[in-house]
Amino acid sequence: AEDPGIDAYLQKTCSNAIKLYCSESEEGELMSCLEANLHKSGVSSACKSTLKARMRKEHSNYKLNNELRQACKEDVKSYCGSVLQDIKDGKIQDARGVVISCLKDNIDLISVECEQQITVILEQEVEDYELDPVLTKRCENDIERICG
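Figured I'd write up the structure that's included with this text. (Residues numbered from 1 in each chain as written. Predicted model: local features only at pLDDT ≥ 70, side-chain atom pairs only at ≥ 80, totals over all residues. Heavy atoms only, no water.)

## Some thoughts on the overall build of the protein
Item 1. Along its length, the protein carries nine helices and zero strands.
Item 2. Here the C-alpha radius of gyration of the protein, 16 Å, is about what a compact globule of 148 residues would show, namely 15 Å.
Item 3. Expressed as lengths along the three principal axes of its C-alpha atoms, the size of the protein is roughly 45 × 40 × 25 Å.
Item 4. Evaluated residue by residue, the protein yields a buried proportion of 36% over its 148 residues. (Helix = DSSP H or I, 4+ residues; strand = E, 2+ residues; numbered from the N terminus. Rg over C-alpha atoms; globule rule 2.2 N^0.38 Å. Buried < 20%, exposed > 50% of the residue type's maximum accessible area, 1.4 Å probe, protein only.)

## Some words on helix H7 (residues 112-127)
Item 1. Helix length check: H7, at 16 residues, gives a terminal C-alpha distance of 23 Å against a target of 22 Å (1.5 Å per residue), a fit within 8%.
Item 2. Three or more residues of H7 are buried, namely Cys114, Gln117, Ile118, Ile121, Gln124 and Glu125. Down the axis of H7, the buried side of the element spans an arc of 115°, and every buried residue falls inside it. Facing away from the buried side of H7, by more than 90 degrees, are the exposed residues Val112, Glu123, Val126 and Glu127.
Item 3. Among the structural elements, helix H3 (30-36), helix H4 (45-60), helix H5 (66-88) and helix H6 (98-105) are those in contact with the buried residues of H7. (Expected span 1.5 Å × (residues − 1). Arc of directions from axis to C-beta. Contact = heavy atoms within 4.5 Å.)

## A closer look at the layout of surface pockets
Item 1. A volume near 460 Å³ is recorded for the largest pocket.
Item 2. Along the walls of the largest pocket sit 28 residues, with Met31, Ser32, Glu35, Val120 and Gln124 positioned nearest its centre.
Item 3. Where the lining of the largest pocket is concerned, the elements lending two or more residues are H3, H4, H5 and H7.
Item 4. Broken down by element, the lining of the largest pocket gets its largest block of residues, six residues, from H7.
Item 5. In terms of residue class, the lining of the largest pocket is built from 10 nonpolar, nine polar and nine charged.
Item 6. For the second largest pocket, the calculated volume is near 190 Å³.
Item 7. Forming the walls of the second largest pocket are Ser60, Asn61, Tyr62, Lys63, Leu84, Ile87, Ala95, Arg96, Gly97, Val98, Val99 and Ile100.
Item 8. Secondary structure elements with two or more residues in the lining of the second largest pocket: H5 and H6. (1 Å grid on protein atoms, 1.4 Å probe; cavity = no way out; pocket = protein on both sides within 12 Å on 5 of 7 lines; lining within 4 Å. Points joined across faces, edges and corners; volume = space filled by probe spheres on them. Nonpolar A, V, L, I, M, F, W, Y, C, P; charged D, E, K, R; others polar.)

## What about the pattern of salt bridges?
Item 1. Applying the stated rule across the entire model yields eight salt bridges.
Item 2. Notably, a salt bridge pairs Lys52 with Asp128, separated by 3.8 Å at the nearest N-O pair. One end of the pair, Lys52, is in helix H4; the other, Asp128, is in the loop between H7 and helix H8 (133-138), and 76 residues separate them in sequence.
Item 3. A salt bridge links Asp132 to Lys104; the shortest N-O distance between them is 3.3 Å. Of this pair, Asp132 sits in the loop between H7 and H8 while Lys104 sits in helix H6; the two residues are 28 residues apart in sequence, bridging distant segments of the chain. Neither residue differs from the other here; Asp132 and Lys104 are each classed as buried. (Salt bridge = Lys/Arg side-chain N within 4 Å of Asp/Glu carboxyl O.)

## Observations regarding the packing of H6 against H7
Item 1. In contact at an axis separation of 10 Å, H6 and H7 are set at 110° when each is read in the N-to-C sense. It follows from the interaxial angle that H6 and H7 lie roughly perpendicular. The handedness of the crossing between H6 and H7 comes out as left-handed. Each of Ile100, Leu103 and Lys104 in H6 lies in contact with H7, whose residues at this interface are Cys114, Ile118, Ile121, Leu122 and Glu125.
Item 2. Split into classes, the residues belonging to the contact of H6 with H7 amount to six nonpolar, no polar and two charged. (Axes fitted to C-alpha atoms, helices over the stretch in contact; angles between N-to-C directions. Parallel < 35°, antiparallel > 145°, perpendicular 65-115°, else oblique. Left-handed = near helix turned anticlockwise from the far one by under 90°.)

Okay, structure coming up:
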């Protein structure tokens, strides 16, 4: 399965997982398929590591997640416009994850399509808290103190 949504390195590193679990994926759905099958046997540690790094980037900047960006385009404008303006104005120094956090805060108001994408993100973050940049930043000292 070829997919312009993922880079050649990820495609090569995860080629076995793609063959096993994602060979029927439509264009643009390969990343979602890999994410959904991350913890299955046959997914190499190199693939998992590369995929998690890519997921951390997507969770930090909603624009890097094509499905989320498309599903939540109007919701971002409607419910997170002030956050975008604060980022633009430099009022938010570390903008990692703040738009996604805003969408989470408004989950009862956002469209069904956007809610589905945010639910996927929440499920992924339950599996790996490091995917939530806002949480890891806010709890950095506690994580270091308790888990370090």
